[in-house]
Amino acid sequence: MSSPVIVYPPELPVSAARDEIAAAIRDHQVVIVAGATGSGKTTQLPKICLELGRERIAHTQPRRLAARTIAERVAEELHVELGDLVGYKVRFTDQVSDATRIALMTDGILLNEIHRDRLLRRYDTIIIDEAHERSLNVDFLLGYLHRILPERPDLKLIITSATIDPESFAAHFTSRNGEPAPIVEVSGRTYPVEIRYRPLSDADATPEESAAGGRGRGRPAGRDSVKSLRSSEPAATEPEDEVGAIVAALRELDREAPGDVLVFLPGEAEIRDAAEAVRGAYRSSTSPVEVLPLYGRLSAAEQHRVFEKSKVAGLRRRVVLATNVAETSLTVPGIKYVIDAGTARISRYSARSKVQRLPIEAVSQASANQRSGRAGRQSSGIAIRLYSEDDFEKRPEFTEPEILRTSLASVVLQMLSLGFGDITEFPFLTPPDSRGVKAAFDLLTEIGAVDLPRGSQPRLTRVGREISRMPMDPRFARMLVEAARAGSDVLTAVTPIVAGLSIQDVRERPSADAPQSVRDEADRMHARFVDPTSDFLTLVNLWNHLREQQKELGSSAFRRMCRSEHLNYVRVREWFDVHRQLKTLVKAPKHSGRPATEGAPDPDAVHRAILAGLLSQIGILDERTASTSKNKAKGEKRRIAEYRGARGIRFSIFPGSGLRRKSPQAVMAAEIVETSRTYARTVAAIDPAWAEALAGDLAKRQVTEPHWSKDAGAAVAYEKVTLFGVEIIPKRRVQFARIDRAGARELFLRHALVEGEWDPPGSTNASVRSGGRTPSCGADWRNSRSASDAETSSPATRPCSPSTTSASRTRCSMCAPSRSGGARRWPRRPSCWSCARATCSTTTAVRIRPSSPPGGRRTIRCWGWPTASSRAPRTTA
DNA sequence: GAGCACTGC
């Protein structure tokens, strides 16, 4: 085929640097291109590569939409049809052909191709775009590419990043002769943005600082008048709260040229508060402002208002109140001013509690600059930061890479599947935290995906290999594996559930400023599908409804139906797409389980399959909090029933759940997230009998030290079984007949190898494991009197996570004084007897610390998870 | 009675 005519738009800064870039690519295997927004690097780099004679170019993007639109753009500039010379590949769709030489794709796609093409031989050039975002995918890709570059001397790697920190990429790709990869810097094409600092009064900034930060501008007059509207305090002070500061900043901008304002706030609640205040402040104003909230959970129509022309007559300006959506995925048009509260909800995975947290944190300097940059896209602008310059200077330069903030289970699984047994050997740009890696192994062991044989590298089980092929959360993938085992009818029900869990909820709840009637209507529409025992079955009901409607209606009628029933059409399509993909990946064996039957599957069978992925996500109703809430009910705010879960966490059911009011005795949750409280999302009531069945596997078995009973003429001990601290099998007496006390102890210790020294976990001796069989038990062994003491002070007897028993910490976080000051309810103990003793995964070997802890108690704790197949009760065919 | 944003053969 004829070569395309390659022309570079002269207005793009990258065009001027193209000879330099081309030379760098020609002479080096790895090149870093650092360019700000608008430099044109994304669209022009593939053309430069093409001109250099590169034949098969992979160009990755973090988002699907970007991959597609950039492909369209490049094809247009080269005057070729999309899918011909230039194509794209994203999940569910691709437009590539044999003629394709430039393939735009999401980084996830390239990552996945590694499984079939270990050295990525199908490409001779790889461009990793937006590497500065440091997504988990990019970090893993860069580590992997670092590994294979010596084996692929013909492969060219180009990494592009914003101007922040290109040196770290260059250093990571240092060549054999010790030279870092060359960096080519390209200027951006944005307009200047003036930064003004307007800290809140309770911030630590001095007035001089804020004056300096504000380029010597005086305090605006309007701000004080707003302040006096909001409170009776002296008007001369700075606003004390965020909402007041936003209104004050808007008043300040009122004296500037017209232009829309983008306000960055951490979350939905803050947006609601701010919206109310801004509307209130401008209600009587002669020049009205339009307030538009913008966040991810908003309905498509409400989000779209940002891109539409306003219908308000005589509008002075629009004020868009947004979360981080506006920083990454959406570009709000026409913004001239930015007000930045300087915070965001950042996702963090707690390796200790294994719960996802969403704390509100100060954003990094890079993020703050990205936000203020939004004011300079179309003309020069102003950004007002609601914090001091000093505060800004103290902030971390970059947002922590995702690899340090997220669950690593999926990455670890992929690595094992690709044959990297030792994760510490992998050339990560930023090595993940060892606690995070351990947490990942814990999870993978829990779901039976990995085996940790004594003295050798961890390896994938058969289940693990199946799970690693599935593009989703390992917990969810585990459910599918179990469903397939249970039979095709269970699989048929579980597949849409799993697909539904792995996308954003299709149900749309109108924002608070929508009319009450609309919100009630949405609630009513959604309530039709509610199953009072299980949110999972609710998903099935909703799924069945959607599939029926889709069959009956034409596509545009179906779309209208979705809108009128407050279901997000785009996400519904995504649900269908994921479902279709999962169906091709997982098939039930022909003769397994019951034959496929018409109609509803056995809910218990469905829940058992789901449970296989959620073993440590079980919670048991805390009767005490439930009962106190009844006593306290005096027209006051009702207390929400709390559940006790694994690792001592407490949670309540998410308000959107159909089980919220019922408060069942035992639940399992698809997801547990900590925000202001800890919420379990998508829950199902589980049969209390299951809990008992599970107890044998999961529960902590506590046995008292045997003592001689004259009465019985034998050694006796007391045993009880608890699941996550809740007694499942009540205390009962165990007799060791015709054995004296010493014999009884022998009997008990038969499975426990007692050695003189106890090695703190973390040393090589600490994780004692047995091969093969991994019964799960915890034994808590001490003299009988202290055992009964412990039972009466039950909050302290909850199991502690073995991961907290690090050498440096002799107390676990539950027993140690709480840093947050009294948030923990259980009594503090002088030292931790329940975790800082010994840890093992089975009963075959336990080391006991030689000195007894205060109170003369001795503890053996065994903690491990059974292999997955042994856990869930099986269906009989 | 409530939650940042992405993504995958």
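Sequence order sets the numbering: in each chain, residues are counted from 1 along the sequence as written. Each chain is given a letter, starting from A, and each ligand a number, starting from 1, according to the order in which they appear as written. Totals for whole chains, interfaces and linings use all residues, but because this is a predicted model, local features are given only for residues with pLDDT of at least 70 and pairs of side-chain atoms are given and counted only at 80 or more. The side-chain figures draw on all heavy atoms in the structure; neither hydrogens nor water molecules are used.

**Q** Quick question: what am I supposed to make of the protein's contact with DNA strand B here?
**A** Near DNA strand B there are 37 residues, and of these Arg64, Gly296, Arg345, Phe654 and Arg681 occur at the shortest range. Nearness here has a simple test: a residue counts as near a molecule or strand if at least one of its heavy atoms is within 4 Å of that partner. By atom count, sugar and phosphate contribute 56% of the portion of DNA strand B lying within 4 Å of the protein. The term polar contact refers here to a pair of N or O atoms within 3.5 Å; inside protein, the definition further demands a hydrogen-donor-capable atom paired with an acceptor-capable atom, and it admits residues adjacent in sequence only when both atoms are side-chain atoms. Thr106 is positioned such that a nitrogen or oxygen atom in its side chain is 3.3 Å from a phosphate oxygen of DNA strand B. With respect to DNA strand B, the side chain of Arg681 contributes an N or O atom lying 2.8 Å from a base nitrogen. Helix and strand definitions follow DSSP, with helices as H or I runs of at least four residues and strands as E runs of at least two, each counted in order from the N terminus. When residues of the surface near DNA strand B are traced back to their parent elements, those giving at least two are helix H5 (107-113), helix H16 (409-417) and strand S25 (678-685). Residues are sorted three ways: Asp, Glu, Lys and Arg are charged, Ala, Val, Leu, Ile, Met, Phe, Trp, Tyr, Cys and Pro are nonpolar, and all the rest, Gly among them, are polar. Here the surface near DNA strand B is built from residues that sort into eleven nonpolar, 15 polar and eleven charged.

**Q** How should the nonpolar core be read in this particular structure?
**A** Most often, soluble globular proteins have nonpolar side chains that are buried together. Counting residues in each nonpolar core, the largest one holds 108 residues, and the members touching the most others are Ile126, Ile128 and Leu546. Ranked by size, the runner-up nonpolar core spans 32 residues in total, among them Ile21, Val80, Ile102 and Val186. Take the buried residues of types Ala, Val, Leu, Ile, Met, Phe, Trp, Tyr and Cys, join any two whose side-chain atoms come within 4.5 Å, and each joined set is a nonpolar core. For every residue, the accessible area obtained with a 1.4 Å probe (protein chains only) is divided by the maximum for its type, and the residue is called buried under 20%, exposed over 50%, and partly exposed between those limits.

**Q** Please clarify how the packing of helix H20 (residues 488-501) against helix H25 (residues 603-611) should be interpreted in this entry.
**A** Geometrically, a packed helix pair is captured by the angle between its two axes and the distance between the axes. Angles shown run from 0 to 180 degrees and are taken between the N-to-C directions of axes, each axis being a line fitted to C-alpha atoms and, for helices, limited to the stretch in contact. In the contact formed by H20 and H25, the axes pass within 9 Å of each other and the chain directions differ by 55°. Taken together, the axes of H20 and H25 are oblique relative to one another. Of the two possible hands of crossing, H20 and H25 adopt the one that is right-handed. Across the interface between the two elements, Val490, Ala493, Val494 and Ile497 of H20 pack against Ala605, Val606, Ala609 and Ile610 of H25. Classifying every residue of the contact of H20 with H25 by side-chain character gives eight nonpolar, no polar and no charged. Any angle that falls under 35 degrees is termed roughly parallel, while one over 145 is termed roughly antiparallel, one within 65 to 115 roughly perpendicular, and all others oblique. Handedness of a crossing is defined here by the sense of rotation of the near helix relative to the far one, left-handed for an anticlockwise turn of less than a right angle and right-handed for a clockwise turn. In what follows, residue pairs with any heavy atoms lying within 4.5 Å of each other are defined as contacts.

**Q** Before we go on, may I ask you to explain the pattern of salt bridges in this structure?
**A** Pairing of side chains with opposite charge becomes possible as their charged atoms draw close. Any Lys or Arg side-chain nitrogen located within 4 Å of an Asp or Glu carboxyl oxygen qualifies as a salt bridge. Taken as a whole, this structure holds 40 salt bridges when the rule is applied. A salt bridge links Glu113 to Arg122, with the shortest nitrogen-to-oxygen separation between them at 3.9 Å. Assessed through its relative accessible area of 37%, Arg122 is described here as partly exposed. Close ionic contact of Arg196 with Glu194 constitutes a salt bridge, the shortest N to O distance being 2.8 Å.

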